[in-house]
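Here's the letter readout for the chains.
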Amino acid sequence: MEVNCQDSEETVFALSFSDFPEDVQLCILSFLDPSELASFACTSKKFVSLCRDDQRLWFSLCDRRWGSCTHLKRWGHGKISYKVLYRILREYENLIGFWRRCGITNIASVNSPPASLVYFEWGPFYVSGSMISPSKNGSYEVIRSPFLWVSITSKGEPMNYLDPEGRFDFTDDLLMDSEKGFLENELIRVNVSFMGKCHVVVEENLGSFGHGKVPSSGIASGEEYQNGCGSPPDRLMSEIYQYLANRTSPGGNGVSRRQRRREKEKQEKLRKWEPEHFVKIVNCSPTLSRPLQGLWKGICDDMSLDFYLVSYDDIGGIACRKVGESSRPLSLHAPVFWSSSTTFIEPPRSPEEYHIYSNRMHLRPPAESYDSGDNGAVSHMLLINSSYDLVIPDIAGPTTNPRQCEGRIWQYENGTFGFGFLRDNYIIDLKHIAKNGHLLDAIEPCNG
Amino acid sequence: MSSSEERKLILKSSDNEEFVVKESSAVQCLTIKNLVEDRCVSDPIPLANVDSKILALVIEFMEKHAETTLSNSEKKEFDVEFVKKPFDDLLELILAANYLDFRELMDVLCNTCAKQMENWSVEEVREKFNIQNDYTVEEEKAARAENPWAFE
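Model, not experiment: these values are computed from the prediction.

This part is about the environment of Asp107(B). Here Asp107(B) shows up in helix H7 (residues 103–118). Judged by relative accessible area, Asp107(B) falls into the partly exposed class, the value being 25%. Between the C-alpha atoms of Asp107(B) and Ser121(B), which are 14 residues apart in sequence, the distance is 23 Å. Once you skip the residues sitting within four places of it in the chain, Asp107(B) turns out to touch Cys27(A), Phe31(A) and Arg64(A).

Take the pattern of salt bridges next. According to the stated counting rule, one finds 19 salt bridges over all chains in the structure shown. Two residues, Arg101(A) and Glu276(A), come together in a salt bridge whose shortest N-O distance is 2.8 Å. Pair noted here: Arg101(A) is in strand E1 (residues 97–102) and Glu276(A) is in strand E8 (residues 276–280), with a separation of 175 residues, a long-range link. For the pair Arg101(A) and Glu276(A), one class covers both residues: buried. With a shortest N-O distance of 3.1 Å, Arg144(A) and Glu121(A) are connected by a salt bridge. Here Arg144(A) is found in strand E4 (residues 142–152), whereas its partner Glu121(A) is found in strand E2 (residues 117–122), with 23 residues between them in sequence. Through salt bridges with shared partners, one network takes in Glu123(B), Arg126(B), Glu140(B) and Arg144(B).

Turning next to the interface of chain A and chain B. With 36 residues of chain A in contact, the opposing surface of chain B contributes 37 residues. Three residues, Leu15(A), Cys42(A) and Lys45(A), lead the burial of chain A against chain B; their summed loss comes to 19% of the area buried on that side. In this structure, Lys45(A) engages Glu139(B) in a salt bridge whose closest nitrogen and oxygen atoms are separated by 3.0 Å. Applying the counting rule to chain A against chain B returns eight residue pairs in polar contact (both at pLDDT 80 or more). Secondary structure elements with two or more residues in the side of chain A that touches chain B: helix H1 (22–29), helix H2 (34–41), helix H3 (48–51), helix H4 (54–66) and helix H5 (82–92) of chain A. In terms of residue class, the side of chain A that touches chain B is built from 21 nonpolar, six polar and nine charged.

If you look at the biggest cluster of nonpolar residues, it comprises 97 residues, and the most contacted ones within it are Phe17(A), Phe40(A) and Phe129(B). The contacts of Phe40(A), once residues within four sequence positions are left out, are Phe17(A), Leu29(A), Phe47(A), Cys51(A), Met117(B), Val125(B), Phe129(B) and Ile131(B). Grouped together as the second largest cluster of nonpolar side chains are 37 residues, Ile281(A), Ile299(A), Tyr312(A) and Leu439(A) included.

Residues and elements named next belong to chain A. When you line up the elements, Ser-133 lands in strand E3 (residues 127–134). Given the relative accessible area of 16%, Ser-133 is considered buried. Once residues within four sequence positions are removed from consideration, Ser-133 is found in contact with Ala-115, Val-142, Ile-143 and Phe-307.

This part covers the sheet that holds strand E3 (residues 45–46) of chain B. Residues and elements named next belong to chain B. Ordered by their spatial adjacency, three strands build an open sheet running E2-E1-E3, and the pairing between neighbours is mixed. The open sheet has two edge strands with one neighbour each: strand E2 (18–22) and E3. The pairing of strand E1 (residues 8–12) with E2 spans five bridges and is classified as antiparallel. Among the inter-strand pairings, Lys-12 is bridged to a residue of E2, identified as Glu-18.

With that settled, the discussion passes to unusual backbone geometry. Trans is the common state for peptide bonds, and a negative phi is the common state for residues other than glycine. Residues and elements named next belong to chain B. Its identity is not glycine, yet Asn-16 carries a phi of approximately 65°, on the positive side. Its place among the elements puts Asn-16 in the loop between E1 and E2. With phi around 55°, Asp-101 is a residue other than glycine that occupies positive phi space. Of note, Asp-101 is situated in the loop between helix H6 (87–100) and H7.

A word on the pairing of strand E11 (residues 318–322) of chain A. All names here are of chain A. Summarising burial for E11: four of the five residues are buried, a large majority. Bridge analysis of strand E10 (residues 305–312) against E11 gives five bridges, and the strand direction is antiparallel. Pairing of Tyr-308 across the sheet is with Lys-322, part of E11.

Further remarks concern the pairing of E2(B). Here E2(B) shows a buried face lined by Phe19(B) and Val21(B) and an unburied face lined by Glu18(B), Val20(B) and Lys22(B). Linking two consecutive strands that pair antiparallel, namely E1(B) and E2(B), is a turn of five residues; a positive phi of about 65° is found at Asn16(B) within it.

Residue and element names in this part refer to chain A. For Thr-70, the position within the fold is in the loop between H4 and H5. Taking relative accessible area as the criterion, Thr-70 reaches 5% and is therefore assigned buried. From its side chain, Thr-70 meets the backbone oxygen of Gly-123 in a polar contact 2.7 Å long. At 2.9 Å, the side chain of Thr-70 forms a polar contact with the backbone oxygen of Pro-124.

A separate point is the packing of H6(B) against H7(B). Relative orientation and spacing of two packed helices are given, respectively, by the angle between their axes and the distance between those axes. All names here are of chain B. Relative orientation of the contacting elements H6 and H7 amounts to 145°, with a least axis distance of 9 Å. The handedness of the crossing between H6 and H7 comes out as left-handed. Contact with H6, carried on its side by Phe-87, Leu-90, Leu-91, Leu-93, Ile-94, Ala-97 and Asn-98, involves Leu-105, Met-106, Leu-109, Cys-110, Thr-112, Cys-113 and Gln-116 of H7 and no other residues of that element. Class assignment of the residues belonging to the contact of H6 with H7 gives a composition of eleven nonpolar, three polar and no charged.

Criteria and cut-off values
Every chain is numbered on its own, with residues counted from 1 as its sequence reads. As a convention, the first chain written is A and the first ligand written is 1, with the rest following in written order. Residue-level local features of this predicted model are given only where pLDDT is at least 70; pairs of side-chain atoms are given and counted only at 80 or more, and the full residue set underlies all totals for whole chains, interfaces and linings. Note that the side-chain values use all heavy atoms of the structure and ignore hydrogens as well as water. The helix and strand labels rest on DSSP assignments: H or I over at least four residues marks a helix, E over at least two residues marks a strand, and numbering proceeds from the N terminus. Only protein chains enter the accessibility calculation, which uses a 1.4 Å probe; a residue is then buried when its area is under 20% of its type maximum, exposed when over 50%, and partly exposed in between. The criterion used for residue contact is that any of the two residues' heavy atoms lie within 4.5 Å. Salt bridges, as used here, are contacts in which a Lys or Arg side-chain nitrogen is within 4 Å of a carboxyl oxygen on Asp or Glu. Summed over both partners, buried area is the accessible surface (1.4 Å probe) that two parts give up on being assembled. Polar contacts, as counted here, are pairs of nitrogen or oxygen atoms within 3.5 Å of one another; within protein the pair requires one atom able to donate a hydrogen and one able to accept it, and residues that are adjacent in sequence qualify only if both atoms are side-chain atoms. Each residue gets one label: Ala, Val, Leu, Ile, Met, Phe, Trp, Tyr, Cys and Pro are nonpolar, Asp, Glu, Lys and Arg are charged, and the others, such as Gly, are polar. As used in this record, nonpolar core signifies buried Ala, Val, Leu, Ile, Met, Phe, Trp, Tyr and Cys residues forming a set joined through side-chain atoms within 4.5 Å. When DSSP finds two or more bridges between a pair of strands, those strands are recorded as paired. For helices, the fitted line uses only the C-alpha atoms of the stretch in contact; every axis is such a line through C-alpha atoms, and the angle between N-to-C directions lies from 0 to 180 degrees. Helix crossings are classified by the rotation of the near helix relative to the far one: an anticlockwise turn of less than a right angle makes the crossing left-handed, while a clockwise turn makes it right-handed.

Below, the structure is given as structure tokens:
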């Protein structure tokens, strides 16, 4: 065992965790997650209080994950422990992203039909949900109308408010109203219940008349729902029915049926808002292996802006559907385009193909000076169809005869793409709705 | 010969080995940066708590991360290879990074340690970190069962 005579204090050769300065200990532990921290606390009694250090250790745990997204110290008026905050934020982070409203039953504002696309993002001390709808001004702008605030009280309990008609222009001060006069009178208090990671139910919190058995805000085991995302609507409907069936009416054993019915009617009268279900849109962005995947926006042939969702299926195909204002489940819509193969046709293109592309008009906002050249040259091409009518495969070979395919996708150098059909002369160029988690070209609703 | 970019410092390890480094790289270590700014730089700078083997590694990391021509992903690739070292070396590097106040190196090393800890049992953690178990059998059972921080 070597003892270095320069290091007068160090007589033990092997380093022990206890020898480390506390800063170092905290730094290492701050990279663990809570269950690993619990295991570490089992190694020795000496470290139990270290693992419980809220101001430093648990703050670091939260800071590493969410410090750049939100103001940790403002959640719950700064009165909750960071250990509790960690559990809450881990749950709420599942909300972040794009969701679809299913079976919209509540009447929205007079001026615009209910939007089916919803976007949740981090706020300074809450998560906000906004309805996203295409602007009507002929540009690529999208209207973002915040309508839901998901937050917590200073005791760490959920506190969520709904502004279904988007009547109020929210500032943080308004939301921090400690007397709650404004919040309680003008907004609807709601419960946000997670049914797995991809399904959320938002329903009115009717206080003492409220639900006998609301699913807790805890998340059910994520794995069973992971595969359920994007699955056919039947599964979602059965989940919704199951949820409604599990709710018990107020009152309980020993309360007469008539009394229960009266209470239920009272509850229905007070209710200002019907429960709504939201399903997460997974795969919102393109990846290297799936460059066409995700949520896009484009000007279609009636010169209005529309939203499109492009999804890859499990058998090597791709389909695109409009994400519109209809409340029907997505898969019941006819696709805008589809293809059973996602293998791009490599350049160079035949003169015939070049001709098909170059004589087309790119649909773009008249007011803006968008140059389709901004996207770069066409790099790859894909054959697509627009209807599910039988396409007779070419007997001679595995590839489909280009003349029998109804349309084309042209992928540009900058990663975006446009599509068009042989039956007309247009190209619908698609742009990203969001990039790196930020909504692009968002504007506030003009009538507040 | 431009003076400020090329300015060099001499760092001396605890076992009296001397290393020449560019000042612009060395100031990533706030301890050294403070010395330079306060004009307390002696020649060479003695680092009593860091031996030559560890100091050489710190300098390797320091110079790589000071290179402006490298992209972030290239630096990350370097980091991945850099941390493939025996666990005890990583611990010594952590102490050196703490002493030198070299934040970036500290975070990379601590993150690596934590990742390795993910796969270890409680016994393995004790062994690698030389932690003495001071729980009685009953106490340890209770501690493991309690698991207050593990969220489902």
